[in-house]
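Tertiary structure, described
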Amino acid sequence: MKNSVVIKGNKYGIIVILDDSLPFEELKQMVAEKFVESAKFFKKASMGITFEGRALSDNETKELLDIISSNTDINIVCVLDSSGEREEQFKRALEEQAASEAVSAAAAINGNDGQFYRGTLRSGQVLESDSSIVILGDVNPGAKVVSSGNVVVLGALKGTVYAGVTGNETSVVVALEMTPMQIRIGDIIARCSDTQGKTRRKKVKPETKIAFVENENIYIEPLNKEVLNDIRFN
């Protein structure tokens, strides 16, 4: 009974191995107990999930997902089959989820006051906006974005970005990959070495991140609802 449910994982997802001989009602109880034990380990992670060892109907899969959601704070972003390169599937699913979260953040941050730019900014290019801006592409080293409001990069931010250049230190910068040469928000400036070093919370695996000003410093955090709400209500 102890090994009726086995949870394995990698940095992108969870593999749940289920006993094929156990009655489903008993199996549900075992799943609940196993995830209660593991809740502190996974915390509020966004992960994909794969069920192995037992064929599940759609309803059974839904029941198990509901049990996991009820007993943990894990955000299950997708359910994958057990074929193929699982870790790569998990990674791709999380990247798609990160893009979706960034789009939602862009809509929440920009409201009706903002613009979109599609394309990659290359070295020497400068993009300026009198309002918030969402960039559907990368900002390469040597490129610069200057905005009076917020900047959201649905790609890699590797160049320089100035947000809130009129002095608005409540502006933020969001990127799917946050490795800028320099960030300025309002009158606060942080260079690459600064932005890599500052964080208020425990360091986590790379993911969509948000840069903001607090106590006259620029901080970069993983983007989630908790951080976004903290920033909104500051």
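For clarity, every value in this text was computed on a predicted model and none was experimentally measured.

Looking now at the sheet that holds strand β1 (residues 5–9). Sheet architecture is open: four strands sit in the order β1-β2-β3-β4, paired in mixed fashion. Each having just a single partner strand, β1 and β4 (75–80) make up the two edges of the open sheet. Across this sheet, the average inter-strand angle for adjacent strands is 30°, counted without regard to direction. Two strands pair when backbone bridges link them, and strand β2 (residues 13–18) and strand β3 (residues 46–52) are joined in this way by five bridges, in the parallel orientation. Bridged to Val16 within β3 is Phe51. Of the strands in this sheet, β1, β2 and β3 touch helix α1 (residues 24–42), which is tilted by about 35° from β1.

Once that is clear, we can look at the pattern of salt bridges. Enumeration according to the criterion identifies four salt bridges in this entry. With a closest N to O distance of 3.2 Å, Lys28 and Glu25 form a salt bridge. Separated by three residues within a single helix, Lys28 and Glu25 lie in helix α1, roughly one turn from each other. Under the relative-accessibility criterion, Lys28 is labelled buried at 15%. Asp66 is the salt-bridge partner of Lys62, the closest N and O atoms lying 3.1 Å from each other. Residue Lys62 and its partner Asp66 are both found in helix α2 (residues 58–71); the two are separated by four residues, about one turn of the helix. Overall, the relative accessible area of 38% leaves Asp66 in the partly exposed class.

What counts, and where the lines are drawn
- Residues numbered from 1 in each chain as written.
- Predicted model: local features only at pLDDT ≥ 70, side-chain atom pairs only at ≥ 80, totals over all residues.
- Heavy atoms only, no water.
- Pairing = 2+ DSSP bridges.
- Helix = DSSP H or I, 4+ residues; strand = E, 2+ residues; numbered from the N terminus.
- Axes fitted to C-alpha atoms, helices over the stretch in contact; angles between N-to-C directions.
- Contact = heavy atoms within 4.5 Å.
- Salt bridge = Lys/Arg side-chain N within 4 Å of Asp/Glu carboxyl O.
- Buried < 20%, exposed > 50% of the residue type's maximum accessible area, 1.4 Å probe, protein only.

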